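Each chain, letter by letter, is given below.
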Amino acid sequence: MRTTTLGSEGPGVGVIGLGCMGMTFSYDMETPRDEATSIAVIHQALDLGMTLIDTADVYGPHTNEELVGRALAGGQRDRAVVATKVGIVRDSVETADPSGSAGDRALDGRPEYIRASIDGSLRRLGTDHVDLYQLHRVDPQVPLEESWGAMAQTVAAGKARYIGLSEVTADEIKRAQAVHPVTSVQSELSLWTRDALTAVLPYCQEQGIAFLPFSPLGRGFLTGRFSSVDDLPQDDFRRALPRFQRDALQANLAIAGRVRDIAEQAGATPAQVALAWLLAQGPHVVPIPGTKTPKYLADNAGAADVELSHAQLAELDALPAPQGARY
Ligand SMILES: NC(=O)c1ccc[n+]([C@@H]2O[C@H](COP(=O)([O-])OP(=O)(O)OC[C@H]3O[C@@H](n4cnc5c(N)ncnc54)[C@H](OP(=O)(O)O)[C@@H]3O)[C@@H](O)[C@H]2O)c1
(Lines give C-alpha, C1' and ligand atoms only; values in the text may rest on other atoms or scores of the structure.)
Protein backbone atom coordinates (compact mmCIF):
# COMPACT_ATOMS: atom_id res chain seq x y z
CA MET A 1 0.00 0.00 0.00
CA ARG A 2 1.06 3.61 -0.58
CA THR A 3 2.47 5.16 2.55
CA THR A 4 2.46 8.58 4.16
CA THR A 5 3.63 9.91 7.50
CA LEU A 6 1.58 10.87 10.53
CA GLY A 7 2.00 14.57 9.86
CA SER A 8 5.36 16.14 9.17
CA GLU A 9 7.20 14.53 12.11
CA GLY A 10 5.39 11.24 12.81
CA PRO A 11 6.04 7.64 11.77
CA GLY A 12 5.34 6.16 8.34
CA VAL A 13 1.97 4.41 7.91
CA GLY A 14 -0.12 2.95 5.10
CA VAL A 15 -2.49 5.61 3.78
CA ILE A 16 -5.43 3.59 5.12
CA GLY A 17 -5.45 2.19 8.66
CA LEU A 18 -7.71 -0.17 10.59
CA GLY A 19 -10.19 0.77 13.31
CA CYS A 20 -10.70 -2.11 15.73
CA MET A 21 -13.62 -0.76 17.81
CA GLY A 22 -16.33 -2.88 16.20
CA MET A 23 -14.42 -6.08 16.96
CA THR A 24 -15.61 -5.95 20.58
CA PHE A 25 -17.78 -2.87 21.01
CA SER A 26 -20.65 -0.72 19.78
CA TYR A 27 -21.88 -2.60 16.72
CA ASP A 28 -23.58 -6.00 16.28
CA MET A 29 -23.35 -6.72 19.98
CA GLU A 30 -25.75 -9.66 19.76
CA THR A 31 -23.61 -11.47 17.17
CA PRO A 32 -21.21 -13.93 18.80
CA ARG A 33 -17.75 -12.41 18.66
CA ASP A 34 -15.33 -14.33 16.50
CA GLU A 35 -11.97 -13.45 17.97
CA ALA A 36 -10.01 -15.68 15.58
CA THR A 37 -11.43 -13.84 12.57
CA SER A 38 -10.79 -10.43 14.14
CA ILE A 39 -7.17 -11.40 14.79
CA ALA A 40 -6.89 -12.68 11.22
CA VAL A 41 -8.24 -9.31 10.00
CA ILE A 42 -5.57 -7.44 11.98
CA HIS A 43 -2.86 -9.69 10.49
CA GLN A 44 -4.36 -9.25 7.02
CA ALA A 45 -4.24 -5.46 7.52
CA LEU A 46 -0.55 -5.63 8.41
CA ASP A 47 0.15 -7.88 5.42
CA LEU A 48 -1.57 -5.35 3.15
CA GLY A 49 0.38 -2.43 4.63
CA MET A 50 -2.52 -0.95 6.65
CA THR A 51 -0.16 -0.45 9.53
CA LEU A 52 -2.03 2.07 11.70
CA ILE A 53 -4.06 -0.04 14.14
CA ASP A 54 -6.51 2.04 16.19
CA THR A 55 -8.09 1.05 19.50
CA ALA A 56 -9.03 2.72 22.84
CA ASP A 57 -9.14 1.71 26.48
CA VAL A 58 -12.89 2.45 26.59
CA TYR A 59 -13.74 -0.05 23.84
CA GLY A 60 -15.11 -2.96 25.81
CA PRO A 61 -13.90 -1.48 28.16
CA HIS A 62 -10.44 -2.99 27.84
CA THR A 63 -11.43 -6.00 25.70
CA ASN A 64 -10.45 -4.23 22.49
CA GLU A 65 -6.93 -3.45 23.64
CA GLU A 66 -6.63 -7.04 24.92
CA LEU A 67 -7.70 -8.38 21.53
CA VAL A 68 -5.23 -6.13 19.71
CA GLY A 69 -2.55 -7.26 22.19
CA ARG A 70 -3.22 -10.92 21.37
CA ALA A 71 -3.11 -10.13 17.65
CA LEU A 72 0.26 -8.38 18.01
CA ALA A 73 1.85 -11.09 20.14
CA GLY A 74 4.28 -13.51 18.52
CA GLY A 75 6.35 -11.09 16.51
CA GLN A 76 3.68 -8.84 14.96
CA ARG A 77 4.16 -5.84 17.26
CA ASP A 78 6.90 -4.14 15.24
CA ARG A 79 4.91 -4.32 12.01
CA ALA A 80 2.17 -2.12 13.51
CA VAL A 81 1.86 1.54 14.40
CA VAL A 82 -0.27 1.08 17.51
CA ALA A 83 -2.67 3.87 18.42
CA THR A 84 -4.84 3.89 21.53
CA LYS A 85 -6.83 6.49 23.48
CA VAL A 86 -7.55 7.65 27.00
CA GLY A 87 -10.06 9.97 28.60
CA ILE A 88 -13.53 8.44 28.25
CA VAL A 89 -14.71 6.53 31.29
CA ARG A 90 -17.08 3.76 30.31
CA ASP A 91 -18.53 2.78 33.67
CA SER A 92 -20.74 5.79 34.10
CA VAL A 93 -21.95 6.07 30.55
CA GLU A 94 -24.20 3.05 30.16
CA THR A 95 -26.97 5.06 28.59
CA ALA A 96 -24.83 7.39 26.54
CA ASP A 97 -23.13 7.01 23.19
CA PRO A 98 -20.40 4.44 23.75
CA SER A 99 -18.18 5.61 20.91
CA GLY A 100 -18.54 9.27 20.37
CA SER A 101 -19.81 12.64 21.46
CA ALA A 102 -18.98 13.98 24.89
CA GLY A 103 -22.65 14.73 25.54
CA ASP A 104 -23.74 13.32 28.87
CA ARG A 105 -20.92 10.89 29.23
CA ALA A 106 -18.16 10.82 31.79
CA LEU A 107 -14.80 12.08 30.72
CA ASP A 108 -11.62 12.01 32.74
CA GLY A 109 -8.75 14.20 31.63
CA ARG A 110 -7.06 14.56 35.02
CA PRO A 111 -3.28 14.26 34.72
CA GLU A 112 -3.07 11.51 37.35
CA TYR A 113 -5.74 9.51 35.51
CA ILE A 114 -3.88 9.81 32.20
CA ARG A 115 -0.52 8.88 33.74
CA ALA A 116 -2.02 5.80 35.40
CA SER A 117 -4.11 4.75 32.41
CA ILE A 118 -1.27 4.31 29.98
CA ASP A 119 0.23 1.56 32.13
CA GLY A 120 -3.02 -0.42 31.83
CA SER A 121 -3.08 0.11 28.08
CA LEU A 122 0.51 -1.06 27.70
CA ARG A 123 -0.20 -4.17 29.77
CA ARG A 124 -3.29 -5.06 27.74
CA LEU A 125 -1.54 -4.36 24.45
CA GLY A 126 1.48 -6.43 25.51
CA THR A 127 3.98 -3.73 24.62
CA ASP A 128 6.32 -1.32 26.38
CA HIS A 129 5.21 1.67 24.30
CA VAL A 130 2.39 2.78 22.04
CA ASP A 131 3.23 4.64 18.87
CA LEU A 132 0.36 7.10 19.22
CA TYR A 133 -1.45 7.94 22.47
CA GLN A 134 -4.59 9.98 21.89
CA LEU A 135 -6.68 12.09 24.25
CA HIS A 136 -10.14 10.71 23.36
CA ARG A 137 -12.00 13.87 24.43
CA VAL A 138 -11.16 17.15 26.11
CA ASP A 139 -12.55 17.02 29.65
CA PRO A 140 -14.37 20.32 30.21
CA GLN A 141 -13.57 20.10 33.92
CA VAL A 142 -9.80 19.97 33.41
CA PRO A 143 -7.79 22.66 31.60
CA LEU A 144 -6.62 21.11 28.33
CA GLU A 145 -3.07 22.26 29.05
CA GLU A 146 -3.02 20.03 32.15
CA SER A 147 -4.34 16.95 30.34
CA TRP A 148 -1.96 17.56 27.45
CA GLY A 149 0.94 18.08 29.84
CA ALA A 150 0.26 14.60 31.22
CA MET A 151 0.07 13.21 27.69
CA ALA A 152 3.50 14.80 27.06
CA GLN A 153 4.82 13.09 30.20
CA THR A 154 3.93 9.70 28.70
CA VAL A 155 6.28 10.60 25.83
CA ALA A 156 9.02 11.74 28.22
CA ALA A 157 8.64 8.44 30.09
CA GLY A 158 9.12 6.48 26.85
CA LYS A 159 5.62 4.97 27.10
CA ALA A 160 4.27 6.77 24.01
CA ARG A 161 6.22 7.84 20.93
CA TYR A 162 3.73 10.51 19.78
CA ILE A 163 0.51 12.03 21.10
CA GLY A 164 -2.71 13.09 19.40
CA LEU A 165 -6.11 14.65 20.04
CA SER A 166 -9.65 13.58 19.11
CA GLU A 167 -12.80 15.62 18.38
CA VAL A 168 -11.22 19.02 19.04
CA THR A 169 -11.55 22.53 17.66
CA ALA A 170 -8.69 24.35 15.91
CA ASP A 171 -8.44 26.54 18.99
CA GLU A 172 -7.96 23.53 21.25
CA ILE A 173 -5.23 22.22 18.93
CA LYS A 174 -3.42 25.56 19.24
CA ARG A 175 -3.63 25.47 23.03
CA ALA A 176 -2.19 21.96 23.09
CA GLN A 177 0.60 22.90 20.67
CA ALA A 178 1.79 25.55 23.09
CA VAL A 179 2.56 22.70 25.53
CA HIS A 180 3.81 19.86 23.29
CA PRO A 181 3.62 19.06 19.55
CA VAL A 182 0.35 17.55 18.31
CA THR A 183 1.05 14.66 15.92
CA SER A 184 -2.52 13.81 14.92
CA VAL A 185 -6.17 14.75 15.25
CA GLN A 186 -8.80 12.02 15.04
CA SER A 187 -12.31 13.29 14.33
CA GLU A 188 -15.32 12.13 12.38
CA LEU A 189 -15.04 12.90 8.67
CA SER A 190 -16.83 11.23 5.81
CA LEU A 191 -19.07 11.99 2.86
CA TRP A 192 -21.94 12.61 5.27
CA THR A 193 -20.03 14.33 8.13
CA ARG A 194 -17.94 17.20 6.81
CA ASP A 195 -17.67 19.66 9.73
CA ALA A 196 -13.90 19.15 9.99
CA LEU A 197 -13.40 20.52 6.47
CA THR A 198 -14.21 24.05 7.60
CA ALA A 199 -11.44 24.79 10.10
CA VAL A 200 -9.87 21.74 11.73
CA LEU A 201 -8.53 19.95 8.66
CA PRO A 202 -7.16 23.15 7.05
CA TYR A 203 -5.42 24.00 10.33
CA CYS A 204 -3.94 20.49 10.60
CA GLN A 205 -2.69 20.73 7.03
CA GLU A 206 -1.10 24.12 7.65
CA GLN A 207 0.63 22.80 10.80
CA GLY A 208 1.79 19.42 9.45
CA ILE A 209 -0.56 17.50 11.76
CA ALA A 210 -2.03 14.19 10.55
CA PHE A 211 -5.82 13.95 10.35
CA LEU A 212 -7.37 10.52 11.05
CA PRO A 213 -11.02 10.43 9.89
CA PHE A 214 -13.06 8.13 12.14
CA SER A 215 -16.26 6.44 11.00
CA PRO A 216 -15.07 7.13 7.42
CA LEU A 217 -17.74 4.84 5.97
CA GLY A 218 -20.52 6.61 7.87
CA ARG A 219 -20.60 3.66 10.32
CA GLY A 220 -21.18 1.39 7.32
CA PHE A 221 -24.10 3.35 5.85
CA LEU A 222 -22.16 4.80 2.90
CA THR A 223 -21.31 1.29 1.69
CA GLY A 224 -24.98 0.73 0.90
CA ARG A 225 -25.28 -2.13 3.37
CA PHE A 226 -28.29 -0.85 5.22
CA SER A 227 -31.55 -0.06 3.45
CA SER A 228 -33.68 -0.05 6.58
CA VAL A 229 -33.18 0.23 10.32
CA ASP A 230 -34.36 -3.40 10.44
CA ASP A 231 -31.05 -4.40 8.84
CA LEU A 232 -29.31 -3.51 12.11
CA PRO A 233 -29.14 -6.00 15.00
CA GLN A 234 -31.46 -5.15 17.91
CA ASP A 235 -28.79 -3.96 20.32
CA ASP A 236 -26.63 -2.21 17.76
CA PHE A 237 -25.55 1.25 18.90
CA ARG A 238 -26.43 2.76 15.50
CA ARG A 239 -30.13 2.23 16.22
CA ALA A 240 -29.86 5.12 18.68
CA LEU A 241 -28.31 7.56 16.18
CA PRO A 242 -30.54 10.20 14.55
CA ARG A 243 -29.38 9.39 11.01
CA PHE A 244 -30.37 5.75 11.38
CA GLN A 245 -33.92 6.48 12.57
CA ARG A 246 -36.54 5.09 10.17
CA ASP A 247 -37.49 8.27 8.27
CA ALA A 248 -34.03 9.80 8.29
CA LEU A 249 -32.47 6.58 7.06
CA GLN A 250 -34.97 6.37 4.20
CA ALA A 251 -34.12 9.94 3.18
CA ASN A 252 -30.37 9.28 3.50
CA LEU A 253 -30.56 6.33 1.10
CA ALA A 254 -30.32 8.93 -1.69
CA ILE A 255 -26.77 9.72 -0.53
CA ALA A 256 -25.73 6.06 -0.47
CA GLY A 257 -27.36 5.69 -3.90
CA ARG A 258 -25.23 8.48 -5.41
CA VAL A 259 -22.09 6.96 -3.89
CA ARG A 260 -23.05 3.63 -5.47
CA ASP A 261 -23.58 5.30 -8.90
CA ILE A 262 -20.16 6.95 -8.76
CA ALA A 263 -18.61 3.66 -7.66
CA GLU A 264 -20.08 1.98 -10.74
CA GLN A 265 -18.64 4.69 -12.99
CA ALA A 266 -15.24 4.42 -11.29
CA GLY A 267 -15.13 0.62 -11.38
CA ALA A 268 -14.84 0.57 -7.59
CA THR A 269 -17.01 -0.30 -4.61
CA PRO A 270 -18.95 2.31 -2.60
CA ALA A 271 -16.61 1.82 0.39
CA GLN A 272 -13.62 2.47 -1.87
CA VAL A 273 -15.20 5.66 -3.22
CA ALA A 274 -15.91 6.92 0.31
CA LEU A 275 -12.28 6.26 1.31
CA ALA A 276 -10.76 7.59 -1.94
CA TRP A 277 -12.67 10.86 -1.43
CA LEU A 278 -11.06 11.15 2.02
CA LEU A 279 -7.58 10.40 0.64
CA ALA A 280 -8.13 13.19 -1.88
CA GLN A 281 -8.53 15.70 0.99
CA GLY A 282 -4.79 15.83 1.71
CA PRO A 283 -1.50 13.92 1.93
CA HIS A 284 -1.62 13.32 5.70
CA VAL A 285 -5.26 12.23 5.88
CA VAL A 286 -5.29 8.59 7.05
CA PRO A 287 -8.80 7.12 7.35
CA ILE A 288 -9.29 4.27 9.82
CA PRO A 289 -12.27 2.25 8.51
CA GLY A 290 -13.51 -0.32 11.00
CA THR A 291 -14.19 -3.91 10.06
CA LYS A 292 -14.02 -7.42 11.45
CA THR A 293 -14.68 -9.01 8.06
CA PRO A 294 -11.83 -10.21 5.81
CA LYS A 295 -13.55 -9.35 2.53
CA TYR A 296 -14.34 -5.80 3.70
CA LEU A 297 -10.75 -5.35 4.84
CA ALA A 298 -9.49 -6.28 1.38
CA ASP A 299 -12.09 -3.99 -0.19
CA ASN A 300 -10.97 -1.08 2.00
CA ALA A 301 -7.29 -1.67 1.24
CA GLY A 302 -8.10 -1.45 -2.47
CA ALA A 303 -9.29 2.15 -2.00
CA ALA A 304 -5.65 3.27 -1.91
CA ASP A 305 -5.45 2.54 -5.65
CA VAL A 306 -8.73 4.16 -6.67
CA GLU A 307 -8.27 7.45 -8.53
CA LEU A 308 -11.42 9.54 -8.70
CA SER A 309 -11.71 12.05 -11.56
CA HIS A 310 -12.17 15.77 -10.88
CA ALA A 311 -15.79 15.43 -11.99
CA GLN A 312 -16.40 12.51 -9.62
CA LEU A 313 -14.79 14.37 -6.72
CA ALA A 314 -16.88 17.44 -7.51
CA GLU A 315 -20.02 15.34 -7.54
CA LEU A 316 -19.11 13.84 -4.16
CA ASP A 317 -18.35 17.32 -2.79
CA ALA A 318 -21.85 18.36 -3.83
CA LEU A 319 -23.73 15.51 -2.15
CA PRO A 320 -26.63 16.80 -0.07
CA ALA A 321 -26.35 17.02 3.71
CA PRO A 322 -27.85 14.02 5.52
CA GLN A 323 -31.04 14.08 7.50
CA GLY A 324 -30.36 13.75 11.23
CA ALA A 325 -27.49 14.85 13.45
CA ARG A 326 -24.49 12.52 13.74
CA TYR A 327 -25.18 11.90 17.44
N1 LIG B 1 -12.19 8.99 18.24
C2 LIG B 1 -13.45 8.64 18.39
O3 LIG B 1 -14.20 9.22 19.17
C4 LIG B 1 -14.00 7.51 17.55
C5 LIG B 1 -15.39 7.32 17.42
C6 LIG B 1 -15.84 6.27 16.61
C7 LIG B 1 -14.92 5.44 15.96
N8 LIG B 1 -13.57 5.65 16.12
C9 LIG B 1 -12.56 4.81 15.43
O10 LIG B 1 -12.86 4.79 14.03
C11 LIG B 1 -12.92 3.46 13.57
C12 LIG B 1 -13.87 3.33 12.39
O13 LIG B 1 -15.15 3.89 12.69
P14 LIG B 1 -16.49 3.05 12.77
O15 LIG B 1 -16.16 1.62 12.98
O16 LIG B 1 -17.35 3.76 13.74
O17 LIG B 1 -17.21 3.28 11.38
P18 LIG B 1 -16.89 2.97 9.84
O19 LIG B 1 -15.48 2.57 9.68
O20 LIG B 1 -17.41 4.13 9.10
O21 LIG B 1 -17.88 1.74 9.55
C22 LIG B 1 -17.78 0.50 10.17
C23 LIG B 1 -18.92 -0.37 9.66
O24 LIG B 1 -18.78 -0.52 8.25
C25 LIG B 1 -18.72 -1.89 7.91
N26 LIG B 1 -17.77 -2.02 6.80
C27 LIG B 1 -16.43 -1.79 6.84
N28 LIG B 1 -15.88 -1.92 5.63
C29 LIG B 1 -16.89 -2.25 4.79
C30 LIG B 1 -16.95 -2.53 3.40
N31 LIG B 1 -15.86 -2.46 2.63
N32 LIG B 1 -18.14 -2.85 2.85
C33 LIG B 1 -19.25 -2.90 3.63
N34 LIG B 1 -19.27 -2.64 4.95
C35 LIG B 1 -18.09 -2.32 5.52
C36 LIG B 1 -18.28 -2.61 9.16
O37 LIG B 1 -18.77 -3.93 9.11
P38 LIG B 1 -18.20 -5.18 9.96
O39 LIG B 1 -17.81 -4.63 11.30
O40 LIG B 1 -19.39 -6.08 10.01
O41 LIG B 1 -17.05 -5.76 9.25
C42 LIG B 1 -18.95 -1.75 10.24
O43 LIG B 1 -20.31 -2.11 10.39
C44 LIG B 1 -13.34 2.67 14.83
O45 LIG B 1 -13.02 1.30 14.71
C46 LIG B 1 -12.55 3.37 15.90
O47 LIG B 1 -11.22 2.88 15.92
C48 LIG B 1 -13.11 6.68 16.90
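Above this note sits the structure.
Rules behind the numbers
- Residues numbered from 1 in each chain as written.
- Predicted model: local features only at pLDDT ≥ 70, side-chain atom pairs only at ≥ 80, totals over all residues.
- Heavy atoms only, no water.
- Near = heavy atom within 4 Å.
- Polar contact = N/O pair within 3.5 Å; in protein donor to acceptor, adjacent residues only side chain to side chain.
- Areas by Shrake-Rupley, 256 points an atom, 1.4 Å probe, with all protein chains shown as cover.
- 1 Å grid on protein atoms, 1.4 Å probe; cavity = no way out; pocket = protein on both sides within 12 Å on 5 of 7 lines; lining within 4 Å.
- Sits in = over half its atoms within 2 Å of the grid points.
- Axes fitted to C-alpha atoms, helices over the stretch in contact; angles between N-to-C directions.
- Helix = DSSP H or I, 4+ residues; strand = E, 2+ residues; numbered from the N terminus.
- Parallel < 35°, antiparallel > 145°, perpendicular 65-115°, else oblique.
- Contact = heavy atoms within 4.5 Å.
- Buried < 20%, exposed > 50% of the residue type's maximum accessible area, 1.4 Å probe, protein only.
- Pairing = 2+ DSSP bridges.
- Right-handed = clockwise from strand over helix to strand, strands pointing away.
- Expected span 1.5 Å × (residues − 1).
- Arc of directions from axis to C-beta.
- Phe/Tyr/Trp six-rings, centres within 6.5 Å; stacked < 30°, edge-to-face > 60°.
- Lys NZ or Arg CZ within 6 Å of the ring centre and 35° of its normal.

Colleague: Talk me through the site of the ligand; I want residue IDs and the actual numbers.
Modeller: The ligand sits among 33 residues. The nearest are Tyr27, Asp54, Leu217, Thr291 and Thr293. Cys20 is positioned such that a nitrogen or oxygen atom in its backbone is 3.4 Å from an oxygen atom of the ligand. Ser166 is positioned with one of its side-chain polar atoms (N or O) 3.0 Å from a nitrogen atom of the ligand. Look at the ligand: alone it shows 910 Å² of surface, and the protein chains cover 98% of it. Put simply, the ligand lies in the largest pocket.

Colleague: Which residues make up the packing of helix 5 (residues 170-177) against helix 6 (residues 200-207), and what values go with them?
Modeller: Where helix 5 meets helix 6, the closest approach of the two axes is 9 Å, and the angle between their N-to-C directions is 30°. Classed by the angle they form, the pair helix 5 and helix 6 counts as roughly parallel. Packed against helix 5, whose contacting residues are Ala170, Ile173, Lys174 and Gln177, the element helix 6 presents Val200, Tyr203, Cys204 and Gln207 at the interface.

Colleague: Run through the pairing of strand 9 (residues 210-214), naming residues and quoting values.
Modeller: As a general feature of sheets, a regular strand has side chains that alternate between the two faces. Summarising burial for strand 9: five of the five residues are buried, a large majority. Here five bridges tie strand 8 (residues 184-188) to strand 9, and the two strands are oriented parallel to one another. Note on strand 9: the bridge partner recorded for Ser184 is Ala210. Handedness of the strand 8-helix 6-strand 9 crossover: right-handed.

Colleague: Outline helix 1 (residues 35-47), listing residues and values.
Modeller: Here helix 1 is 13 residues long and its end C-alpha atoms lie 18 Å apart, about the 18 Å a rise of 1.5 Å per residue gives. Among the residues of helix 1, those classed as buried are Ser38, Ile39, Val41, Ile42, Ala45 and Leu46. Looking down the long axis of helix 1, one finds its buried residues gathered within 155° of arc, a one-sided arrangement. For helix 1, the exposed residues lying more than 90 degrees away from the buried face are Ala36 and Asp47. Lining the buried residues of helix 1 we find strand 3 (18-19), strand 4 (52-54), helix 2 (63-72) and helix 9 (294-302). Of the residues flanking the start of helix 1, the one acting as N-cap is Asp34, its side-chain oxygen 3.3 Å from the backbone nitrogen of Ala36. Downstream of helix 1 by a residue or two, Gly49 has a phi angle that is positive, lying close to 90°.

Colleague: Give a description of the packing of aromatic side chains that names residues and reports values.
Modeller: Scanning the entire structure with this criterion turns up five aromatic pairs. Through pairs of rings, three or more aromatic residues link up here, namely Trp192, Phe221, Phe226 and Phe244. The side chain of Arg238 reaches across the aromatic face of Tyr27, ending 4.0 Å from its centre. Seen from the ring of Trp192, Arg243 lies directly overhead, with NZ or CZ sitting 4.9 Å from the centre.

Colleague: Mind laying out the pairing of strand 8, listing which residues take part and the relevant values?
Modeller: Of all five residues in strand 8, five are buried, a share of seventy percent or more. Every second residue of strand 8 is oriented toward a common face, with Ser184, Gln186 and Glu188 on one face and Val185 and Ser187 on the other, all of them buried.

Colleague: How would you sum up the environment of Arg2? Please name residues and give values.
Modeller: By the secondary structure assignment, Arg2 is in the segment before strand 1 (3-5). Among the residues examined, Arg2 registers a relative accessible area of 46% and is labelled partly exposed. Note: C-alpha distance between Arg2 and Gly14 (twelve residues apart in sequence) is 5.8 Å. Setting aside its immediate chain neighbours within four residues, Arg2 contacts Val13, Gly14, Val15, Leu279 and Ala304. A polar contact of 3.1 Å, which involves the side chain of Arg2, links it to the backbone oxygen of Ala304.

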